[in-house]
Every structure is written in C-alpha cells, then in structure tokens.
Amino acid sequence: MKELETARLTLRPFTADDLDAIYAVLSRPEVWRYDPGRPRSHADTQGMLNGWISDTQRDGFGRYAVVLRETGEVIGYCGLQWLLLDHGIYKSPEVELFYALAPEYWGQGYITEAAQAVIHFAFDDLKLRRVVSTAIGPNSRSMSVMRRVGMQVITDPFEPDWVVGIIDNPAVEAALPELVTTLAR
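Considerations on the pattern of salt bridges
Tallying each qualifying case throughout the model produces 9 salt bridges. Residue arginine 28 is joined to glutamate 30 by a salt bridge in which the shortest nitrogen-to-oxygen separation is 3.3 Å. Residue arginine 28 is classed as partly exposed on the basis of its relative accessible area, which comes to 24%. You can call glutamate 30 partly exposed: its relative accessible area is 34%. In this structure, arginine 130 engages glutamate 94 in a salt bridge whose closest nitrogen and oxygen atoms are separated by 2.3 Å. Taken together, the positions of arginine 130 in strand E6 (residues 130-136) and glutamate 94 in strand E5 (residues 91-101) put the pair 36 residues apart, joining distant regions of the chain. Judged by its relative accessible area of 5%, glutamate 94 is buried.

Here we look at the side chain of glutamate 94
Among the polar contacts listed, one links the side chain of glutamate 94 to the side chain of serine 92, at a separation of 2.5 Å. A distance of 2.3 Å separates the side chain of glutamate 94 from the side chain of arginine 130, its partner in a polar contact. Contact partners of glutamate 94, with chain neighbours within four places excluded, come to Gln81, Trp82, Leu83, Leu85, Arg130 and Val132.

A look at the environment of serine 144
Position of serine 144 among the secondary structure elements: in helix H4 (residues 140-148). Sequence-wise, serine 144 and threonine 112 are 32 residues apart; in three dimensions their C-alpha atoms are separated by 9.0 Å.

Brief notes about H4
Among the residues of H4, those classed as buried are Ser142, Met143, Val145 and Met146. All buried residues of H4 fall inside an arc of 155° around its axis, so they share one side. Buried residues along H4 sit against E5, helix H3 (110-125), E6, strand E7 (152-155) and strand E8 (162-168). After H4 finishes, the residue glycine 150 shows a positive phi value of roughly 95°.

Details of the side chain of glutamate 113
Structurally, glutamate 113 is set in helix H3. Note on glutamate 113: relative accessible area 14%, which makes it buried. Within polar-contact distance, the side chain of glutamate 113 engages the side chain of threonine 6 at 2.4 Å. For glutamate 113, the residues in contact, after removing those within four places along its chain, are Thr6, Ala7, Arg8 and Leu9.

Procedures and definitions
Residues numbered from 1 in each chain as written. Predicted model: local features only at pLDDT ≥ 70, side-chain atom pairs only at ≥ 80, totals over all residues. Heavy atoms only, no water. Salt bridge = Lys/Arg side-chain N within 4 Å of Asp/Glu carboxyl O. Buried < 20%, exposed > 50% of the residue type's maximum accessible area, 1.4 Å probe, protein only. Helix = DSSP H or I, 4+ residues; strand = E, 2+ residues; numbered from the N terminus. Polar contact = N/O pair within 3.5 Å; in protein donor to acceptor, adjacent residues only side chain to side chain. Contact = heavy atoms within 4.5 Å. Arc of directions from axis to C-beta.

Set out below in structure tokens:
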C-alpha cells in the first residue's frame, strides 16, 4: 500500500511502532460514541494493530495512519476495509471507507482531506467500481464527511437507524456502456 500525501497530512501504512499513538486515539470514549465498538485497552489495541498490518499486507489496502505533516504526530486512521452489506433480500460485498480521529482534531477538515485521498487511491490505483461508508443516523459529523467527499447518503432500507454513503468511480461509470456492449458480444 503506497503512502499518500495531502496538503497537511501523510497517510501511511501502520507499523508496530504506532501502538502507543493509536492507543491514545482508540482508548477515548468519545471516539466510540456512534460506533458499535468500545474504548480499547492497550492489549486490545495491540491485537487490532497487528490485524491491520496483516490485512494491509494481504489485501493491498487497509487502514492508513493519519499523520500531521507539520509535526509527524499520528492523529487517527482512515482507510478501506471489506464489508458485507446485508440488504435483507441479498448481501453485497463492498469496500468501505472508514475513519477515526482524536477528538481534538475534529472539525478541522483533516478527515475529509484524508478520505478524499483514500477515495482517489481506491479509484485510481485499486480501480474499484465504488466505495461505500456506513454510519448510525445520529452521527451527523460522519454523514457530513460522506457528503463532502461526494458520496450520496441514503437511509439503509433494512437498518433504518443507519445510513450508507456511496460514491461511484467516474472512470468506471464512463466506461460502463462500452464494457456492457463488449461483454454482450
């Protein structure tokens, strides 16, 4: 997984050396307010970090450490993960954009900046057809991020307390009619 740069951030794969920095984020209750997770212990964080590193090596994508370029501080994560959306009558394998940031960095545009870079990576490098994101309804901050990165945000018809954000790869969408015609031959 390649490193990504934005105006204010470096997004890089996690390493074992990031344990204390990401624990400082994941141990905070406010980070988990709208997430079905919970604040993590140091040992839990170690296990998660090992899994993230392994997932990235296996899949070629995963969680990026969100690092302030100016200070080198890890302030959270942003990345992609496999997600099986359950639509009631069918299931849909998707790649999900997700993120978490230390609360003192909320509201400054960092996660939008990181998410835009990750979406470009998903479309330009991974050639994904689309990226989704999910949030529980009261999480207005997360829904705002989805909208700012260009996602269409809809209420999940089978989980009405949740929303799903969807953004299609414009290059794939533009090529789709030709692809369908070619495959139909």
